[in-house]
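Inside the fold
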Amino acid sequence: AVDLLGQAEHGPTSPAVLLTNSEKLARDTMREVDRQLTMLPTAAIAKKAWEDFGEVIVCDSVEEMIAQADDIASEHVQVMTEDPDLFLHRMTNYGALFLGPRTNVSFGDKVIGTNHTLPTKKNARYTGGLWVGKFLKTCTYQRILSDEASALVGEYCSRLCHMENFAGHGEQANIRVRRYGKRDVARMFPQPPSFRLDGKHAFVVGAGRGLGAACAFALAQAGASVTLASRSIGELERVASYIRAHGGVACCHELDARNAEAVKACVEALGPIDVLVNSAGTNRPLRLEDAKQGDIDDLFDINLKAALYLAREVSISMREHAIKGSIITLSSQMGHVGGPKRSLYCASKHALEGMTKALAWELGPEGIRVNTLCPTFFRTPLTAPMLADPGFRDFVIGRIALGRIGELQDIMGPVVFLASDASALVTGTALMVDGGWTAQ
């Protein structure tokens, strides 16, 4: 029991296994382990490991014990039997054996060795402990002796390289198939497009919070360098710091996208842009008869005019730099349906959908794709006041086929898809991220 707990206290995921052909010994040991756990100083760790990863296996014979031990392939195997040498001669999968009652795993770990660098997680099926032989220099060579063999190996190599997207490696194989086999390598399918954005520059507007911030983080995780823009530089710096802390590249630019001249100056200063994501938006849930002129102006300035200004300047930049880029605007499911107190909001979002379809035709000849993402209600600062009303929240969930409010991670995959080569033939469309709201 004490030897089992000595292994278990390594950590909460450390396995400790007893193999025996005595049921009485098995049960006595389990009781003793429970007793010792009441007094062991490291019981908090050892108990967790014993409960989750401890095993007691009763075997019918010594032969079964050896087979079980080889299957488990532990890094440490302590043998306390009548004939420990039998296990030494018969076992093949282990890191180190500790033979007889006079030695134990702790001795090997701390004093007598032979070492404490042993294979874990069943890797003892393939390798042993670290020893001097692992540091000896080994030199190998290859020679293919016939044209037929070179062509045959080349075909296998070419297909593997194609699957792994190693074009240069693949061509090394292809040229030998052509030269020595007098044929080309046949493939059933082309290489699938990548969702990666390495080497791309993404400009994300409205990136200080909510969906825009989530989009920026997702694009950075996919490999893009991101420029974050909004009217609040403090919020942008917080998001940029988070992106950098997770290995991404991000910078910030204070911008009021309602100002056409400011948008023009910002885009010109940024240089080549591969991806635009415009998440700037607002809502005024009012009946039309209650809407003031200021409500109408503010909503259309942010939801529609800002989108027009950004799409215009970024598309100009993409054409000037010969970039076949992607323009993505966060629209809404309400750009496809209607709802109470949504006259202003729906008007702006339906207009945004129309603009997207027209721009797809204008910019298609240059290879620039234009699409919208249409989310349902997500948990964001914009929706928080509305979703705080239990009645409204229940109404929303009742309209969503998947039965839940959107979370920030739900927008990340769709925005990376539209930004990447995976959507190379997608333009002029709305990608619904609405949980099925518009499906009824």
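Because the structure is predicted, anything quoted here is derived from the model rather than measured. (Residues numbered from 1 in each chain as written. Predicted model: local features only at pLDDT ≥ 70, side-chain atom pairs only at ≥ 80, totals over all residues. Heavy atoms only, no water.)

**Points about the overall build of the protein**
Looking only at helices and strands, the protein has 16 helices and eleven strands in total. In terms of C-alpha radius of gyration, the protein reaches 32 Å, well past the compact-globule figure of 22 Å for 440 residues. C-alpha extents for the protein along the principal axes are approximately 95 × 70 × 40 Å. In the protein, which comprises 440 residues, the proportion classed as buried is 42%. Of the contacts formed within the protein by residues at least 6 apart in sequence, a portion of 66% connects residues at least 24 apart. Surface accessibility of the protein: about 24,400 Å² in total, with carbon and sulfur atoms responsible for 55%. (Helix = DSSP H or I, 4+ residues; strand = E, 2+ residues; numbered from the N terminus. Rg over C-alpha atoms; globule rule 2.2 N^0.38 Å. Buried < 20%, exposed > 50% of the residue type's maximum accessible area, 1.4 Å probe, protein only. Contact = heavy atoms within 4.5 Å. Areas by Shrake-Rupley, 256 points an atom, 1.4 Å probe, with all protein chains shown as cover.)

**Points about the environment of Ala-124**
Tracing the sequence through the fold places Ala-124 in the loop between helix 6 (105-112) and helix 7 (147-164). The spacing of Ala-124 and Ala-73 is 51 residues in sequence and 5.3 Å in space, taken between C-alpha atoms. Residues contacting Ala-124, with those up to four places away along its chain left out, are Ala-73, Ser-74, Thr-92, Asn-93, Tyr-94, Gly-95 and Pro-119.

**Describing the packing of helix 12 (residues 293-320) against helix 13 (residues 343-363)**
Relative to each other, helix 12 and helix 13 sit at 15°, their axes nearing to 9 Å. By the angle between their directions, the pair helix 12 and helix 13 is classed as roughly parallel. Along this stretch, helix 12 crosses helix 13, giving a crossing that reads as right-handed. Across from Asp-295, Ile-296, Leu-299, Phe-300, Asn-303, Leu-304, Ala-307, Leu-308, Ala-311, Ser-315 and Arg-319 in helix 12, the residues of helix 13 making contact are Leu-344, Tyr-345, Ala-347, Ser-348, Lys-349, Ala-351, Leu-352, Met-355, Leu-359 and Leu-363. (Axes fitted to C-alpha atoms, helices over the stretch in contact; angles between N-to-C directions. Parallel < 35°, antiparallel > 145°, perpendicular 65-115°, else oblique. Left-handed = near helix turned anticlockwise from the far one by under 90°.)

**Description of the pairing of strand 4 (residues 96-99)**
For strand 3 (residues 76-79) and strand 4, the ladder comprises four bridges, and the chain directions are parallel. Bridge pairing in strand 4 places His-76 opposite Ala-96. (Pairing = 2+ DSSP bridges.)

**As for the environment of Leu-152**
Considering the arrangement of structural elements, one finds Leu-152 in helix 7. The exposure class of Leu-152 is partly exposed, given its relative accessible area of 44%. In sequence terms Leu-152 and Ala-322 are 170 residues apart; their C-alpha atoms lie 42 Å from each other.

**Concerning the sheet that holds strand 9 (residues 326-330)**
Strand order in this open sheet of seven strands is 7-6-5-8-9-10-11, and the pairing throughout is parallel. With partners counted over all chains shown, the strands left at the sheet margins are strand 7 (249-254) and strand 11 (430-433), one partner each. The average angle at which neighbouring strand axes cross in this sheet is 20°, direction not considered. For strand 6 (residues 225-230) and strand 7, the ladder comprises six bridges, and the chain directions are parallel. Bridge pairing links Leu-228 to Cys-252 in strand 7. Sitting on the sheet, helix 10 (residues 233-245) is in contact with strand 6 and strand 7, with an inclination near 175° to strand 7.

**Description of the pattern of salt bridges**
Side-chain pairs of opposite charge can arise where the charged atoms are in close proximity. Inspection of the entire model under this criterion finds 20 salt bridges. When the shortest N-O distance is used, the salt bridge between Asp-52 and Lys-48 registers 2.9 Å. Taken together, the positions of Asp-52 and Lys-48, both in helix 3 (residues 43-53) and four residues apart, correspond to about one turn of that helix. Among the residues examined, Asp-52 registers a relative accessible area of 42% and is labelled partly exposed. For Lys-48, a relative accessible area of 41% puts it in the partly exposed group. Lys-264 is paired through a salt bridge with Glu-268; the nearest N and O atoms lie 3.1 Å apart. With a gap of four residues between them, Lys-264 and Glu-268 both fall in helix 11 (residues 260-270), about one helical turn apart. Ionic contacts of the salt-bridge type, sharing partners, join the residues Lys-24, Asp-28 and Arg-31 into one network. (Salt bridge = Lys/Arg side-chain N within 4 Å of Asp/Glu carboxyl O.)

**Notes on the packing of aromatic side chains**
In this structure the tally under the stated criterion is six aromatic pairs. A ring pair is formed by Phe-395 and Trp-437, whose centres lie 6.2 Å apart and whose planes are at 85°; its orientation type is edge-to-face. Of this pair, Phe-395 sits in helix 15 (residues 390-399) while Trp-437 sits in the segment after strand 11, placing them 42 residues apart in sequence. Using a relative accessible area of 4% as the deciding quantity, one classes Trp-437 as buried. One aromatic cluster in this structure is built from Phe-377, Phe-392, Phe-395 and Trp-437. (Phe/Tyr/Trp six-rings, centres within 6.5 Å; stacked < 30°, edge-to-face > 60°.)

**Re the side chain of Glu-353**
Its location among the elements puts Glu-353 in helix 13. Among buried Asp, Glu, Lys and Arg side chains, Glu-353 stands out as unpaired, with Lys-357 the closest opposite charge at 5.5 Å. Non-local contacts of Glu-353, meaning those with residues more than four positions away in its chain, are made with Ser-331, Gly-335, His-336, Thr-372, Cys-374 and Ala-430. (Lys, Arg positive; Asp, Glu negative; His and termini not counted.)

**Quick look at helix 16 (residues 409-419)**
Those residues of helix 16 that sit buried are Ile-411, Pro-414, Val-415, Val-416, Leu-418 and Ala-419. Among the structural elements, helix 9 (210-221), strand 8 (275-278), strand 9, strand 10 (369-375) and strand 11 are those in contact with the buried residues of helix 16.

Purely geometric stuff here, so don't read any function into it on its own.
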